[in-house]
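As a plain string of letters, each chain reads:
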Amino acid sequence: MDIIIVGAGIGGLSAALSLALAGHKVRVLESASALAEIGAGVQLTPTSTRHFWKWGLGPDILEHSVLPESFNVRRGDNGELLGTVPFEGFEERYGAPYIVIHRADIHQILHKHAVNAKVQVILNSRVAKYDFEAGSLQLANGEELSADLIVAADGINSSARKSFLSETDDGTEKTGWAAYRTTALVADIKANPDTAQLVAKHNCNCWVGDKSSVMTYLVKNSQVLNIVLSHPDNLDTSEWTPRQFKDELQQLFGHWDPSMKALLSMTSEVQNWPVYQVRSLPKWVSESGKFVLMGDAAHAMAFYLSMGVSMAVEDAEVLTECISLYQRSEKTLGQAMKVFETVRKERAEIVRDASLNAGNILHLPQGAAQEQRDRALKDDGVSAGTCVSDSDYVVRTSYGIGDQQTRDWCYGYDVLAKVHAEWK
Ligand SMILES: Cc1cc2nc3c(=O)[nH]c(=O)nc-3n(C[C@H](O)[C@H](O)[C@H](O)COP(=O)(O)OP(=O)(O)OC[C@H]3O[C@@H](n4cnc5c(N)ncnc54)[C@H](O)[C@@H]3O)c2cc1C
């Protein structure tokens with residue numbers, strides 16, 4: 001098939017690679033003049049790395065990433081270890097490792113492999129208008145293009161989603177959380193006795209406090225510490241100076257664990273990032289099946305389960321499988337894409353809701369609910385009870401990755417089995 005993908009983010013490039021490897025002709029239209037990713041690091045769960053491995057990205061990813069030893073959750077005020085999840089055994093259990101990597105690195109690796117698979121990535125190409133049923137579009141420069149299928153992977157602020165569903169409602173909603181994103185140089189951290197132990201091991205560390213948290217992990221061959229500091233989304237920081245950001249970090253977190261004050265004095269530029277999610281949409285595909293939404297455009301979610309990339313990668317795999325089943329069957333493209341929508345909407349929307357629940361649990365104030373969370377962090381979620389249906393993960397009283405059942409639910413999902421069951 002001749003396929004156009006709109007957006008060369010991690011989601012769009014994943015779909016491009018997966019579809020090109022299956023033999024399709026793929027063009028990716030990207031509005032930016034150069035490929036770039038916002039933010040420094042990204043955690044890749046085995047849900048995404050399993051597919052990246054299948055597509056042949058494993059050696060390149062391993063060359064540029066850190067395999068952390070464990071995910072540690074600590075009390076914000078004194079650093080006490082509340083729970084630890086060793087990553088050893090993840091590969092055996094889920095088929096691929098849990099990885100942390102710089103966004104630019106995974107983006108470049110995906111781009112290199114997509115180009116090697118004959119994907120055409122066309123920069124400076126902002127899509128301005130779509131004909132959703134005909135499978136055609138118009139670029140901002142007036143050029144018209146058409147294809148057998150148009151895949152909109154144009155991110156959380158998707159203009160495709162807006163014009164497909166409603167020009168007046170952009171489909172997003174605030175989660176109530178925001179994140180300061182910054183980095184610090186490992187050389188500086190090592191040189192200071194107050195902070196040196198923070199990077200002595202390759203761990204993901206998450207400090208938790210009342211309505212806030214600090215997440216750190218190493219990227220760029222362990223030379224840079226990625227730092228994400230969550231807080232309530234109640235400030236307009238659009239006019240802030242770098243000094244104001246630094247002062248705010250010290251104000252919010254400087255009195256935490258003694259290492260935090262020193263660490264925050266070493267940070268580079270700070271950006272504030274209000275966390276939005278995409279509401280459940282009435283549809284993701286057009287009647288003819290010639291237009292589909294995927295990735296953050298369809299289901300952007302809070303990052304507290306680190307499943308955003310994983311959901312886009314699952315979308316890519318399901319899209320490829322649905323097209324390949326369509327080409328061997330009597331179904332119409334519209335019917336085939338409906339299978340894509342059914343399988344992906346259900347999964348992505350429940351993972352979105354569970355992600356926000358994980359953020360809310362992480363930021364609980366002192367009290368009985370926080371004590372329950374901390375018990376569950378100690379016993380790997382056993383005391384949080386047994387989930388019998390997907391909806392149980394949305395109200396779970398344990399914290400995401402620190403819970404064996406949630407890990408299995410997120411990382412052990414067999415997306416192709418789901419497609420084949422739905423196809424029948
Ligand atoms: C603070 C934070 C931390 C996160 N941490 C994690 C994490 O640890 N793990 C994880 O899995 N996920 C994480 N996420 C989520 C993850 O970053 C996203 O889910 C993922 O990057 C989405 O990829 P995408 O390709 O769908 O969208 P995007 O990356 O937004 O890509 C969209 C692309 O489309 C292009 N585009 C837009 N409009 C047009 C147009 N009209 N024409 C042409 N091109 C267009 C854009 O320029 C862009 O390149 C985090 C998110 C945030 C905010």
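Residues numbered from 1 in each chain as written. Predicted model: local features only at pLDDT ≥ 70, side-chain atom pairs only at ≥ 80, totals over all residues. Heavy atoms only, no water.

Let us look at the nonpolar core. Ile5, Phe52, Phe71, Tyr130, Leu137, Leu293 and Met337 are the most contacted members of the largest nonpolar core, which has 139 residues in total. Among the elements that line this core, the one with the most residues is helix H12 (residues 333-362), at 14 residues. Inspection of this core shows a minimum of three residues originating in each of domain 1 (2-69 + 99-172 + 280-363) and domain 2 (175-203 + 218-277). Setting aside residues up to four positions removed in sequence, Tyr130 forms contacts with Val6, Ser136, Leu137, Ile150, Ala152, Asp154, Ala160, Ser163 and Phe291. (Core = buried A, V, L, I, M, F, W, Y, C linked by side-chain atoms within 4.5 Å. Buried < 20%, exposed > 50% of the residue type's maximum accessible area, 1.4 Å probe, protein only. Helix = DSSP H or I, 4+ residues; strand = E, 2+ residues; numbered from the N terminus. Domains from an automatic or database assignment. Contact = heavy atoms within 4.5 Å.)

So, on to the UniProt feature "domain: FAD-binding" (unreviewed entry) in the protein chain. According to UniProt, the feature "domain: FAD-binding" (unreviewed entry) maps to residues 2-325 in the numbering used here. Between the end C-alpha atoms of residues 2-325 there is a gap of 16 Å, over a span that is 31% helix and 30% strand. (UniProt positions renumbered as here; feature names shortened; annotations may be inferred.)

Positive phi, normally seen in glycine, also occurs at Lys211, with a value near 60°. In this fold, Lys211 is placed in the loop between strand E13 (203-209) and strand E14 (212-219). What makes Lys211 partly exposed here is its relative accessible area of 46%. Located in the positive-phi region is Ser222, a residue other than glycine, with phi close to 65°. Looking at the element boundaries, Ser222 is found in the loop between E14 and strand E15 (224-232).

This paragraph deals with the sheet that holds strand E5 (residues 81-86). Spatial ordering of the open sheet is given by E5-E4-E13-E14-E15-E12-E16, a layout of 7 strands whose pairing is mixed. Two strands in the sheet have a free side with no partner beyond their single neighbour: E5 and strand E16 (271-278). The average angle at which neighbouring strand axes cross in this sheet is 20°, direction not considered. As judged from the 5 bridges shared by E13 and E14, these two strands associate in the antiparallel manner. Bridge pairing in E14 links Val208 to Ser213. Against the sheet, H12 engages strand E12 (172-185), E13, E14 and E16, with an angle of about 65° to E12. (Pairing = 2+ DSSP bridges. Axes fitted to C-alpha atoms, helices over the stretch in contact; angles between N-to-C directions.)

It is worth spelling out the sheet that holds strand E11 (residues 149-152) at this point. Taken in spatial order, the 5 strands make up an open sheet running E7-E2-E1-E11-E17, and their pairing is parallel. Either end of the sheet is taken by a strand with one partner, and the two such strands are strand E7 (120-122) and strand E17 (291-293). Across the sheet, the mean angle from the axis of one strand to that of its neighbour is 20°, orientation sign disregarded. When strand E1 (residues 2-6) meets strand E2 (residues 25-29), the two strands line up parallel, connected through 5 bridges. By the bridge assignment, Val6 is partnered in E2 with Leu29. Packed onto the sheet, helix H1 (residues 10-21) meets E1, E2 and E7 and runs at close to 165° relative to E1.

According to the stated counting rule, one finds 20 salt bridges in the structure shown. Measuring nitrogen to oxygen at the nearest pair gives 3.2 Å for the salt bridge that ties Arg27 to Asp2. Of this pair, Arg27 sits in strand E2 while Asp2 sits in strand E1; the two residues are 25 residues apart in sequence, bridging distant segments of the chain. You can call Asp2 buried: its relative accessible area is 18%. One connected set of salt bridges, linked through shared partners, spans Arg75, Glu80, Arg373 and Asp374. (Salt bridge = Lys/Arg side-chain N within 4 Å of Asp/Glu carboxyl O.)

Okay, the site of the ligand next. Residues in close proximity to the ligand total 29 residues, the closest being Gly11, Glu30, Gln43, Asp296 and Val309. Within the backbone of Gln43, a nitrogen or oxygen atom sits 2.9 Å from a nitrogen atom of the ligand. Between the ligand and Val127, the relevant distance is 3.0 Å, taken from a nitrogen atom to a main-chain nitrogen or oxygen of the residue. Starting from 1000 Å² of accessible surface for the ligand in isolation, the protein chains cover 85%. Of all elements in the fold, only H1, strand E3 (41-44) and helix H11 (308-327) reach the threshold of two or more residues within the shell around the ligand. Looking at the shell around the ligand, the element that brings in the most residues is H1, giving 3 residues. Across the shell around the ligand, the residue classes break down as 10 nonpolar, 12 polar and 7 charged. (Near = heavy atom within 4 Å. Polar contact = N/O pair within 3.5 Å; in protein donor to acceptor, adjacent residues only side chain to side chain. Areas by Shrake-Rupley, 256 points an atom, 1.4 Å probe, with all protein chains shown as cover. Nonpolar A, V, L, I, M, F, W, Y, C, P; charged D, E, K, R; others polar.)

A word on the domain arrangement of the protein chain. Annotation of the protein chain at the domain level lists domain 1 (2-69 + 99-172 + 280-363) and domain 2 (175-203 + 218-277). The gap between the C-alpha centroids of domain 1 and domain 2 is 29 Å. Contact residues are listed per partner, giving 28 residues for domain 1 and 21 residues for domain 2. Between domain 1 and domain 2 lies a buried interface of about 1900 Å² when both sides are counted; carbon and sulfur atoms form 60% of it. Counting across the interface, domain 1 meets domain 2 through 1 salt bridge. Two residues, Lys220 and Asp105, come together in a salt bridge whose shortest N-O distance is 3.0 Å. Between domain 1 and domain 2 we count 5 residue pairs in polar contact (both at pLDDT 80 or more) in total. Those elements that provide at least two residues to the side of domain 1 that touches domain 2 are helix H3 (58-64), strand E6 (99-102), helix H5 (103-116) and H12. (Buried area = accessible area lost by both parts, 1.4 Å probe.)

In this section: the side chain of Asn203. Looking at where Asn203 falls in the secondary structure, it is placed in strand E13. Look at Asn203 and you get buried, because its relative accessible area is 13%. Side-chain polar atoms of Asn203 contact the side chain of Ser70, separated by 3.0 Å. If near-sequence neighbours (up to four positions away) are discounted, Asn203 is found in contact with Pro68, Glu69, Ser70, Asn72, Thr216 and Tyr217.

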